[in-house]
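If you want the building blocks of each chain, they are given just below.
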Amino acid sequence: MKRKMNAHQEAEFLFLRKWCVAVIDAIYSHNTTHTELINLRKQAFEEETKAKYLEQATPGTYLKGLRQAYNEINAIALNAPDQLLKELNNTLFTEFGKDLSTCSSDMSSGVEQIINRGKIINDEEFGLIEQKVSDISQIDANSSKIQTLNKLLATYYLLNRE
């Protein structure tokens, strides 16, 4: 049974697609050796893929996956060389009115909201916290914040494992 997205979901899909494809193109524009991987990442945002997933899942579930891909793609981009990151941010700001630093601060405020609440309430938040743990551990593996975040992850996992 094919499900349809409402107007808000469709607008979010279009934004995620445009943003992620722009980031993927910028990051891998000079890479000619991994074209299959690049095309596979971009394939998640194609209309054919959307139609296939909407036959099996709800629009909300499909969008949840795209949001996670958006977060992961942004995290990869934030680790790009400085010159590439500067060019990418200029392109994104011109096209979207925001750049990766805005997305990074949005992600950080989301993490802080989860910490203040004291629990993770869905898989999307779980992915966000996992990404934050990964980011922090690259800078300071002994950070007390990692312990706090890992407790949230463990609690959510224990309460929601299937």
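Residues numbered from 1 in each chain as written. Predicted model: local features only at pLDDT ≥ 70, side-chain atom pairs only at ≥ 80, totals over all residues. Heavy atoms only, no water.

(A) Representation of the environment of Tyr70 within the structure. Position of Tyr70 among the secondary structure elements: in helix H4 (residues 59-78). Taking C-alpha positions, Tyr70 is 9.8 Å from Val21, a pair spaced 49 residues apart along the chain. Discounting residues that sit within four places of it in the chain, Tyr70 has contacts with Phe15, Leu16, Trp19, Cys20, Lys98 and Cys103. (Helix = DSSP H or I, 4+ residues; strand = E, 2+ residues; numbered from the N terminus. Contact = heavy atoms within 4.5 Å.)

(B) Structural detail: the environment of Ile115. Relative to the helices and strands, Ile115 is located in helix H6 (residues 100-117). Counting along the chain gives 71 residues from Ile115 to Ala44, while the straight-line C-alpha distance between them is 31 Å.

(C) Here's a closer look at H4. With 20 residues, H4 ought to run about 28 Å at 1.5 Å a step, and its terminal C-alpha atoms sit 28 Å apart, in line with that. Within the span of H4, buried status applies to Pro59, Tyr62, Leu63, Leu66, Tyr70, Ile73, Asn74, Ala75 and Ala77. (Expected span 1.5 Å × (residues − 1). Buried < 20%, exposed > 50% of the residue type's maximum accessible area, 1.4 Å probe, protein only.)

(D) Examining the packing of aromatic side chains more closely. Taken as a whole, this structure holds eight aromatic pairs when the rule is applied. Following the ring pairs from residue to residue traces out a cluster consisting of Phe15, Trp19, Tyr70 and Phe96. The ring of Trp19 has Lys98 sitting right over it, with the charged end atom 5.9 Å from the ring centre. (Phe/Tyr/Trp six-rings, centres within 6.5 Å; stacked < 30°, edge-to-face > 60°. Lys NZ or Arg CZ within 6 Å of the ring centre and 35° of its normal.)

(E) A look at the nonpolar core. The biggest cluster of nonpolar side chains holds 25 residues, and the ones touching the most others in it are Trp19, Val23, Leu66, Leu88, Leu92 and Leu100. Those elements giving two or more residues to this core turn out to be helix H1 (7-28), H4, helix H5 (82-96) and H6. Counting residues per element, this core draws most heavily on H1, at ten residues. Val133, Ile136, Leu152 and Tyr156 belong to the second-largest nonpolar core, a separate cluster that totals 13 residues. (Core = buried A, V, L, I, M, F, W, Y, C linked by side-chain atoms within 4.5 Å.)

(F) Local environment of the packing of H1 against H4. At a minimum axis distance of 10 Å, the contact between H1 and H4 shows a crossing angle of 30°. Regarding the angle of H1 to H4, the classification is roughly parallel. At the point where H1 passes H4, the crossing takes the left-handed sense. Where H1 approaches H4, its residues Gln9, Glu12, Phe13, Phe15, Leu16, Trp19, Cys20, Val23, Ile24, Ile27 and Tyr28 are matched on the opposing element by Pro59, Gly60, Tyr62, Leu63, Leu66, Arg67, Tyr70, Ile73, Asn74, Ile76 and Ala77. Partitioning the contact of H1 with H4 into residue classes produces 17 nonpolar, three polar and two charged. (Axes fitted to C-alpha atoms, helices over the stretch in contact; angles between N-to-C directions. Parallel < 35°, antiparallel > 145°, perpendicular 65-115°, else oblique. Left-handed = near helix turned anticlockwise from the far one by under 90°. Nonpolar A, V, L, I, M, F, W, Y, C, P; charged D, E, K, R; others polar.)

(G) Spatial organisation of helix H8 (residues 144-160). Between its first and last C-alpha, H8 extends 25 Å over 17 residues, near the 24 Å set by a 1.5 Å rise per residue. The set of residues buried in H8 consists of Ile146, Leu149, Leu152, Leu153 and Tyr156. The arc enclosing the buried residues of H8, seen along the axis, measures out at 125°, which places them on a common side. Opposite the packed face of H8, turned more than 90 degrees from it, sit the exposed residues Ser144, Gln147, Lys151, Leu158 and Leu159. (Arc of directions from axis to C-beta.)

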